[in-house]
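Single-letter residue listing:
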Amino acid sequence: HFREFAGLGLTYQILQKPLHSLKLSGNVLHEQTRYSSQLYNYTEFDGSNEIKAVWGTVYLSGLHSFNNPGMKVYYELYWQQSTADQVNYRYHFLTGIDFHLVKALALQSRIIYSHENVIDTAVKQNDLLWVWGLAYSFKSRGLE
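Positions within a chain are numbered from 1, following the residues in the order the chain's sequence is written. With the structure being a predicted model, the display of local features is reserved for residues of pLDDT at least 70 and the display and counting of side-chain atom pairs for 80 or more, all residues being used for whole-chain, interface and lining totals. Just so you know, side-chain values use all the structure's heavy atoms and leave hydrogens and water out.

Participant: Any chance you could explain the overall build of the protein chain here in plain terms?
Facilitator: Of the regular secondary structure elements, the protein chain holds zero helices and seven strands. Going residue by residue from the N terminus, the α and β elements of the protein chain occur as β-β-β-β-β-β-β. Atoms considered for the radius of gyration are the C-alpha atoms alone. The globule rule reads 2.2 Å times the number of residues to the power 0.38. In terms of overall dimensions, the protein chain is more spread out than a globule: its C-alpha atoms have a radius of gyration of 19 Å, far above the 15 Å expected for 144 residues. Across its three principal axes, the protein chain shows a C-alpha extent of roughly 55 × 30 × 30 Å. Contact criterion: two residues are considered in contact whenever any of their non-hydrogen atoms come within 4.5 Å of each other. Within the protein chain, counting contacts between residues at least 6 apart in sequence, those at least 24 apart form 48% of the total. Accessible surface for the protein chain amounts to roughly 9800 Å². Of this, 59% is attributable to carbon and sulfur atoms. None of His or the chain ends enter the tally, which takes Lys and Arg as positive and Asp and Glu as negative. Positions of charges follow a simple convention, taking NZ of Lys, CZ of Arg, CG of Asp or CD of Glu. Considering the protein chain, the positive charge centre built from 12 side chains and the negative charge centre built from 12 side chains are found 15 Å apart. Each helix is a run of DSSP H or I of at least 4 residues and each strand a run of E of at least 2, with the numbering of both proceeding from the N terminus. Using the Shrake-Rupley algorithm and a 1.4 Å probe, accessible areas are obtained, with residue cover drawn only from the displayed protein chains.

Participant: Honestly, the pattern of salt bridges in this entry has me stumped. Any pointers?
Facilitator: Any two side chains of opposite charge can pair, on the condition that their charged atoms come close. Any Lys or Arg side-chain nitrogen found within 4 Å of a carboxyl oxygen on Asp or Glu counts as a salt bridge. Taken as a whole, this structure holds eight salt bridges when the rule is applied. Measuring nitrogen to oxygen at the nearest pair gives 4.0 Å for the salt bridge that ties Asp-127 to Lys-124. Under the scheme applied here, a residue whose accessible area is under 20% of the maximum for its type counts as buried, over 50% as exposed, and between as partly exposed, the area being computed with a 1.4 Å probe on protein chains only. Asp-127 sits in the partly exposed class, given a relative accessible area of 38%. A relative accessible area of 60% places Lys-124 in the exposed class.

Participant: Can you help me understand the sheet that holds strand 4 (residues 71-82) in this one?
Facilitator: Each strand in a sheet pairs with another by means of backbone hydrogen bonds, the pair being arranged parallel or else antiparallel. For two strands to be treated as a pair, DSSP must find at least two bridges joining them. Judged by pairing direction, the sheet is antiparallel, and its seven strands sit side by side in the order 1-2-3-4-5-6-7 without closing on themselves. Across the chains shown, the open sheet's two edge strands, defined by having one partner strand only, are strand 1 (2-17) and strand 7 (126-136). The sheet shows a mean angle of 15° between the axes of neighbouring strands, taken without regard to direction. Note that strand 2 (residues 20-34) and strand 3 (residues 50-66) share 15 bridges and pair antiparallel. Residue pairing for strand 3: His-20 is matched across the bridge by His-64. Interaxial angle, 0 to 180 degrees, is taken between N-to-C directions of lines fitted to C-alpha atoms, where a helix line uses only the stretch in contact.

Structure representation (structure tokens):
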């Protein structure tokens, strides 16, 4: 499926310390999603390959560094609710960890879970991923 959206939001920094950050956000957005089918798991949406909705979102994210900066822990979660349809909601959770191997190289792992309540019948309602990777940080230099 394909999504287009636009909206406005606010973010409040709950915690901001050199090694720790915690943010809470909220937004309202208008979204238009085009699906490959016209059949959904809730029949009230059947008959169109497009669902338009106004969403309210609550978003929480955090970053905590340990062993300055040997290890970083990330997490984020959000809940989105359609303002018009009670059954149309989604939520997402991500947690991850970075282990710095050398100055600019880190081993990363992320666990990502997503749930979308209203879906095209050809799409899974839940996704769970566990991903591993390497990250290299290129430091950009300004003009001197």
